[in-house]
Amino acid sequence: MEEEHSMEEKQSKKTEDRRMAWKGYEGLAEGYQGRWQTEDRTQIYVSNHGDDGWDGSEGRPVRSIEKAAMLARAAVREDGRGVTVNLAEGIYYLEQPLVFTPEDSGTARQPVVYRGCGNAVISGGRRIYPRWEQVSGGIYRTAMEKGQSFDQFFVNGKKKILARYPNYDESVRYFQGYSADCLSRERTGRYADPRGGYIHAMHQALWGDMHYRVTGRAEDGQLEYEGGWQNNRPSEMHREIRFIENIFEELDSPEEWYYDDREGYLYYYPPQGEDMAHSVYEVAGLKNLLTLQGTAGEPVRYLVFSGIGFRHAGRTFLEEMEPVFRSDWCIYRGGAVFLEGTEHISFLDCEILEVGGNGITVSRYNRDVLIRGCEIADAGANAILMAGDAGAVRSPLFGYESVHEEGPRDTAPGPAAADYPADCRVEGNLLCRNGRVEKQSAGVSLTACEEIEIVHNTIWDVPRAGINLCDGTWGGHVIEKNAVFHTVRETQDHGAFNSWGRDRYWDYRYDKMEETLRRDPDMPLLDAVKTVIIRDNVFECANGWDIDLDDGSSNYLIRGNLCLRGGIKNREGVYRSVVNNVMLHNTFHPHVWFEDSRDVFERNIIFRPYADIGLKGWGESFDHNLLYGEGDGRTAGELREKSGMDSHSLCAGFRFRCGEGEGIRILEEDILDRLGIEQLKVQDCGVTDLRLKAKAPSVFDMLREGGTEGPVAETAWDDAGMLLKPLRGLEEMSATGMYEEKGLLVIRISGESKWRRRGFRERDVILEVDGQEAGSPERWAELSCAEPGRAVVWREQGPRILSWSD
C-alpha cells in the first residue's frame, strides 16, 4: 500500500504542478478576462453592423471574423502586442469554416483572444426567408433552390424533427421512437421515391448503433441501402429497435419537416399557434465551424476562445469512420470545433449546442489544451473526443479478433511518435444530452492519449458512457470530482465510466493471453505505461456498471468514488487497485481474472456479496472491506471459506446519510475506524460554476430527497426467511433470463422457510400473486398473505405456476 500511495502522491504532485503552470500562464489566470480589454493590447471589434472595409476600431468594426483574424495576425506580426478580438452580440453565419494556422498564434505572455460580448454565436447554417403556402392539412411548403445540402432545420432557435417513422416521442428509451415494421414492404411500398432516406438501427447486442442511406428499391419491393460501417464490432441491424427518416410520406406530425432536394421545396408541419409570418428560420449546413490546423513541428499556439457560442453544424453519421484499434468503436475524426497540431489553446465559458456530430475534437498532436466552463449539449455524437494517430501506437491492431500470432513486432514501451493529445485538461464543463444521433459516443472519449485531466465536470443524460477510454495507451489520466449520471440509457453492458485495454498483450482467446502473461507478466504496461487515477467521483449507470474496466483494462487506481447503482466491474487485466469506494446497493464484480492479476480490493463498502464470474485467482489483496448486513459476520465468513480472502472484513449493519452538499456519510464511524475506511469526499462533485450548476439536476437527485438514514434505494427485505428485492439491472436480468426489469427477485430462502415449502427457490422472479403484479414490498405484503394462494414465477427462462393452501 505504501507503493500505491507513493505513486498516487507523485502523480498528484505532477497534476498540481501542471495546474499551477496554467495559472502562471497570464492568458489563463483567474480573472484575466477583465484584462483582455486593457490598453496594452490591440482591440479589434466585430459586428454584424460593421464593414470589412473599416479598420476594426470600436467605432468602425469589421463585419466578419475572417477579416478580424487578418487584422489580428498583422498586429501580432507588426508590434508583438497581445490582441483581443471582440465579437458583438449576434449570429455570425459562415460560408466556410474558420481556419486558424500557426500564423494566427499568440505568445505565452500575449495570447490572441477571441471573446464574445453578450450572446455572440458562430453558426454553420444560414437564415432563410420562406414564403409559406399550405398544401394539405397542417403541412406548408416554400420554394428553395434545388440540390441544397442540409439536414437540420431550426425555427426560433428550436431544432425541428426530420420527417420520420415512428414519430418522435421523448419518453421512449431508444431513438425516442422505434418500430420493427419501419422497413416492411407494406410500409415502404407507400413511398413514391425513398432515395435519400436514412435508416437508424441499434446493434443487436445494444452496444451502439448503425446508420444507412436509402439508395433505392429492389424489384421485390425491399429498400436498398448502404452504410453500417459505424461500429467496430458490427452486427446486423436490430430486428426491432430501428426507425426511418427523411421520407416525405412520413411527414404527418407537428414539428416535422422535409426538404425535397430534387424539386426544391421545403415542407413543414408547424405546431398549433406558431406565428409563421414572424418566426426566424435557419438551416444547418457546414459540419465544421472552427479548425485550428498546425503540426507537431509548427503548431498553432496561444489562442483563447471565450464566451462564444457555436451552433448549426450538420450531422456526420454517414461520414468516413475509422476503427479505434480493437475497441468496439469507430470515430469520425472531425467536429464542430476541430484541433490538430496545437499547443496552449483554450476554450473558456463557450456554448456548443445542437451540433450534428462531435462538439470538440482534439486530434493527433495537441499539448496543453484547456476546455473549461463550457456547456456542450445536444450534440449528435461525442461532446469531447480526444484521439491520437494510429502511427503513434506501436504494433497497432484493428478489429476485435485481430491478433499477433507471433507476438507484436515492436515491444518498446510507450508511444512511437508524438501525434497524440497529452497534458490537456477538461474542467468544470456541463456535458449533457449528447449522442442524440450517434449512440456509440460519450461525454468525454479518449483514445491514444496521455495525461488528460477530467475534473469537476457534470456529465448526464447520455446514451452510452459518460467517460470512455477506448484503449490503455498511455495512461496517466486523472479523473476526479466529476458527477456522471443518467448514463448508458440507450445501450447496455457498459459503464458510466467505461474502458478497454485491448492493447499489445491482449488476445480475445483467453488461454493465449494467459500464456503471454506467464512469459511476460508486465507486458500490459508496455502500453498502459502510467496509472489512470479515478478518484472522488459520483457515478451512476442505468444498464451496466458505474465503473466498468472491460477487456484487458490495466494499471488503474480507483479510490474514493461513490457508485450509485451499478457497482464496479474489473474484467481481465492486471494492476488495478480498488480502494475506499462505496458501491451503494450493489457490489464488486470481478470477472475472469487471471491467476495472478495483482489486483487489490481493500477498504470498500458494498451492499451485496461479490458477483464473481470465472476467476482463477483473487488478486494480491482482498481485505478490510465492509459488507452491509445483519452484523453477525455470516456473509463475510462465507466469503472467507470460499476464497481465503477478507480475513479482516466485516459484515455489519450501519446507517448513512446521502444528499446534496453532504455527499455520503456513514454514521457508525467506529466501524470505519476498525477497517481503516475514510469518509468519501464527493460533496462538491460536478460543476461548481453557479451558471452551469443551475442548468443540470444534482446527481443526488438519484437518491431520496433530503437525505436519509440507512439504505435509500431499492434494498432487499426479509419475509419469513425469504429475502426479496425488485429485479433491477442488466446483471440480474442476465442471471435470471429475464428480458425486462419486472417482478421480485428471490435472493435467498432459509431451509425452514414456509416459502421454500410452498415451492419458491433462489433466483426465482415473482411476477404475479393471485393474478396481480407484485413489484414492491408493500404490494408483496398485501398479496402474499392469501391462503390458499397462487403465484407466477420466472424460473429457468420460463414461467412456472406455484400454488399453496397452508
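Anything mentioned here points back to the structure above.
A few points on the structure.

As for the overall build of the protein
Along the backbone of the protein there are 10 helices and 62 strands. The buried share of the protein, reckoned over its 806 residues, is 61%. Sequence separation of at least 24 residues holds for 67% of the intrachain contacts in the protein that already meet a minimum separation of 6. Carbon and sulfur atoms make up 45% of the accessible area of the protein, which amounts to about 31,900 Å² in all.

Examining the nonpolar core
Tyr 114, Phe 305, Met 386 and Phe 497 are the most contacted members of the largest nonpolar core, which has 85 residues in total. Dropping the residues within four chain positions of it, Phe 497 is found in contact with Ile 467, Leu 469, Ile 479, Ile 534, Phe 539, Asp 546, Ile 547, Asp 548, Leu 549 and Tyr 556. If you look at the next biggest cluster of nonpolar residues, it comprises 34 residues, including Ile 664, Ile 666, Leu 680 and Ala 696.

Observations concerning the sheet that holds strand β10 (residues 158-159)
Judged by pairing direction, the sheet is antiparallel, and its 4 strands sit side by side in the order β6-β19-β9-β10 without closing on themselves. On the outer flanks of this sheet lie β6 (125-128) and β10, each paired with one strand and no other. Pairing analysis gives 4 bridges linking β6 to strand β19 (residues 281-284), with the strands arranged antiparallel. By the bridge assignment for β19, Arg 126 is matched with Val 283.

Description of the side chain of Thr 587
Checked against the element boundaries, Thr 587 lands in the loop between β47 (582-583) and β48 (588-590). A relative accessible area of 2% places Thr 587 in the buried class. If sequence neighbours within four positions are ignored, Thr 587 has contacts with Gly 567, Ile 568, Ile 606, Arg 608, Pro 609, Tyr 610 and Ala 611.

What counts and how
- Residues numbered from 1 in each chain as written.
- Predicted model: local features only at pLDDT ≥ 70, side-chain atom pairs only at ≥ 80, totals over all residues.
- Heavy atoms only, no water.
- Helix = DSSP H or I, 4+ residues; strand = E, 2+ residues; numbered from the N terminus.
- Buried < 20%, exposed > 50% of the residue type's maximum accessible area, 1.4 Å probe, protein only.
- Contact = heavy atoms within 4.5 Å.
- Areas by Shrake-Rupley, 256 points an atom, 1.4 Å probe, with all protein chains shown as cover.
- Core = buried A, V, L, I, M, F, W, Y, C linked by side-chain atoms within 4.5 Å.
- Pairing = 2+ DSSP bridges.

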